[in-house]
Structures are given as structure tokens and as C-alpha cells.
Amino acid sequence: MPQSESIPRVELVCPAGTLPALRAAVDHGADAVYIGFRGDTNARNFPGLNFSIDEAATGIEHAHRAGARVFIALNVYPMAKSWPAATAAVDAAAALGADALILADPGLMEYARQRHPDLRLHLSVQGSATNWRAIEFYRREFGIQRAVLPRVLSATQVERLISRTTVEIEVFGFGSLCVMVEGRCALSSYATGHSPNMQGVCSPAHAVRWEETPEGRQSRLNGVLIDRYAPGEAAGYPTLCKGRFRVDDEVFHALEEPTALNALDVLPRLIAAGIRGVKIEGRQRSPAYVAQVTKLMRRALDQCLQGAGAAPAIVNDALDHLAEGRTHTLGAYHRTWQ
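Let me sum up the structure you'll find in this document. Keep in mind it's a predicted model, so treat the numbers as computed, not measured.

## Points about the pairing of strand β7 (residues 168-176)
Buried residues dominate β7, accounting for nine of its nine residues. The handedness of the strand β6 (residues 146-148) to β7 crossover, carried by helix α6 (residues 155-162), is right-handed. Examined bridge by bridge, β7 and strand β14 (residues 277-280) share four bridges and lie parallel to one another. Within β14, the residue paired with Val171 across the bridge is Val278. As defined by bridge partners, β7 adjoins strand β13 (residues 260-262) across three bridges and the pair is classed as antiparallel. When the sheet's bridge partners are listed, Ser176 is paired in β13 with Ala260.

Written as C-alpha cells, this is what we have:
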């Protein structure tokens, strides 16, 4: 698929943890889909997720037939022992005809730039570039063409950053939030010995335990009690940051409440500022979820691009039914003091 003259002014970039999810995203209006290979080369290394080489080839073919692009996330920081696997993944992505690599590690960026100079490089949110000087550094040294901004910037900060760089800017529009610096989870590493940025997983499945007790169903991570649920209460995937803990004899979400980022209210402003991509978080989600979120975000983005303003309340309400905690927030976007 040609990489010029076919890129929309603002792309809807959707997650796909499996081939059915990729098809769901493409068939419901995604301009681009991001995927990962199986193993610890990407930050969603869960059993049952991610793509074999053959599945990635099939997915890329399906997306390209529909006029959509496929970005492959190789967004961990490989250690010395995992370097061969990381570079092999770069080579495989290039051979498959991926439209871009999403990278965080400068070493992998240099490798990709030297070995595959025609391959687009996108700076992952894991790179935590929150100012234009950092982004320009990655452009100058490694030739990145797009940067995914961390979810810690206000709308005003996004506007000012875009005005100072020629690199395309992609922002998160919907999905889970992280209390840590974009996946650099010290909590998960402390409890399990596995790091999202090294082994590619937060709350690794082997460390998760569910227990039925007289007090209710409860979840543990490597023995640490995270939460206890009343009968009929929805139970989310156990992460330390979103657990409920006893503090001064009160049990509550002491670190972060389960909620989803929803940027629809500021989407017209971000588009006017010059963003080039709106990203949906959720490669661990089901194909049905991906289909619904893509369809709703497609409607919202099209309305904004047509100059009709922010999405109607019915879209926000529908997204809330899919959101973590069934609530949403603008997160840092609305912080006028930043």
C-alpha cells in the first residue's frame, strides 16, 4: 500500500490484539490498526493475544485491501539477552510490509533506521516524550515521522507542542488510563518481578489468582490482595493501581479509580491544533469491544472533521457502557493550570 497520498488528515488508530479484532477494527472504519507480535517485544504480552507472522501477514493484507494501514508495536526496551528477538521482529515487520513501527527504545530505532531506511518510525507513548525538544531529538537522530503523546498533557500543552515540531502528533482519544508514566509500572514490577517495559506485561497472568471466600470473590496478584467484590459486582482485571485498599480504616481506590479517558469533548480543539492521529487504547480487548468502540469513534471523528462540533451525547453515553468503571474523564486535557 502506498504511504503517500492515502493518509487521512486525521487517522482513527484502533487496537487489535488478535486477527478477528483487526478485522473488526478495519471493517468498522479504522484508518489504521496497531498490532504486536507474540512474545515480549511489545507491551501487551498476554497469553492468547498478539500475532504470529502468518496472522500478521493475513491482517496486513486485509487492512490494505480496505485502504487501512497497519502499525506494528515493538515498544519495549529490550535487554541484552532479548536483543536478537527484538531486531528479528523489526526485520519481520519490514518484510511483511508494515506501514510503520511503533518504537520506544533508541537502539531499536537506530537499528531500524539503518537496516530499513524506507520504513516509517513512530515514537511510542512508552518513550514519554512530553515536549517538542524531545520529539525533535528523535526526529533528528532517528527520523521518526510521528509521536504518540503521553496522557499527561493538557490540550493547551498539546497545541503548543504541535506548533513547534514538524513531526506528526497522535493523541489518545479513548481507553484505560495508567497512574504510572505510560506503562512504566513500578507497582507491577515490585509485586511480580515483571516489567511492562521489559517483559511487556502488567499483572502477568501467571501471578493472578481469583478466590471465592465468605466475604466475596477476591483477586490477588502474586499473593497481594488487590480487591474484593460483592455478589453481582463487576470484577475488572486485577491491577495494583486500580485496586481497593484499606487506608485509615476506610476501603477505597487509594491510587486510581477505574475510569476511561474520553477526549471527545476536546476533539474539535485537538483537530484544529493539527493532530494527525486519534488513538484508541485496548489491544487486550475483545473483537466485539473493538468493533463497537471503532464504530462510535468513527462517527465522532467524522462529525468533527465535517465541522459539526463535538460528538452528540448519545455517543458519549454509548462509550460509557464500554468504559472501565462505566465512567469517563478528560484526564489531563482539561487541566487549565498546566
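## Regarding the layout of surface pockets
Of the pockets and cavities examined, the largest pocket occupies roughly 1,300 Å³. Taken together, 48 residues make up the lining of the largest pocket; nearest its centre are Ser176, Lys242, Gln284, Arg285 and Glu324. Of all elements in the fold, only β7, β10 (224-229) and α10 (313-322) reach the threshold of two or more residues within the lining of the largest pocket. When its residues are assigned to classes, the lining of the largest pocket shows 22 nonpolar, 13 polar and 13 charged. Its volume calculated, the second largest pocket comes out at about 290 Å³. Around the second largest pocket sit 14 residues that line it, and Arg151, Leu177, Cys178, Glu256 and Arg335 are the ones nearest its centre.

## Notes on the environment of Ala68
Relative to the helices and strands, Ala68 is located in the loop between α2 (53-65) and β3 (69-74). With relative accessibility at 0%, the residue Ala68 sits in the buried group. In this structure the C-alpha to C-alpha distance between Ala68 and Asp27, which are 41 residues apart in sequence, comes to 9.7 Å.

## What about the pairing of strand β1 (residues 11-15)?
Counting buried residues along β1, five of its five residues qualify, which places the element largely inside the surrounding structure. Alternating positions in β1 separate into two faces, Glu11, Val13 and Pro15 on one and Leu12 and Cys14 on the other, with burial throughout. Bridge analysis of β1 against β14 gives three bridges, and the strand direction is parallel. Considered in β14, the bridge of Leu12 is made with Val278. Sheet analysis places β1 next to strand β2 (residues 32-35), joined by three bridges and oriented parallel. Opposite Cys14, over in β2, you have Val33 as the bridge partner. In terms of handedness, the path from β1 via helix α1 (residues 19-27) over to β2 forms a crossover that is right-handed.

What counts, and at which threshold
Residues numbered from 1 in each chain as written. Predicted model: local features only at pLDDT ≥ 70, side-chain atom pairs only at ≥ 80, totals over all residues. Heavy atoms only, no water. Buried < 20%, exposed > 50% of the residue type's maximum accessible area, 1.4 Å probe, protein only. Helix = DSSP H or I, 4+ residues; strand = E, 2+ residues; numbered from the N terminus. Right-handed = clockwise from strand over helix to strand, strands pointing away. Pairing = 2+ DSSP bridges. 1 Å grid on protein atoms, 1.4 Å probe; cavity = no way out; pocket = protein on both sides within 12 Å on 5 of 7 lines; lining within 4 Å. Points joined across faces, edges and corners; volume = space filled by probe spheres on them. Nonpolar A, V, L, I, M, F, W, Y, C, P; charged D, E, K, R; others polar.

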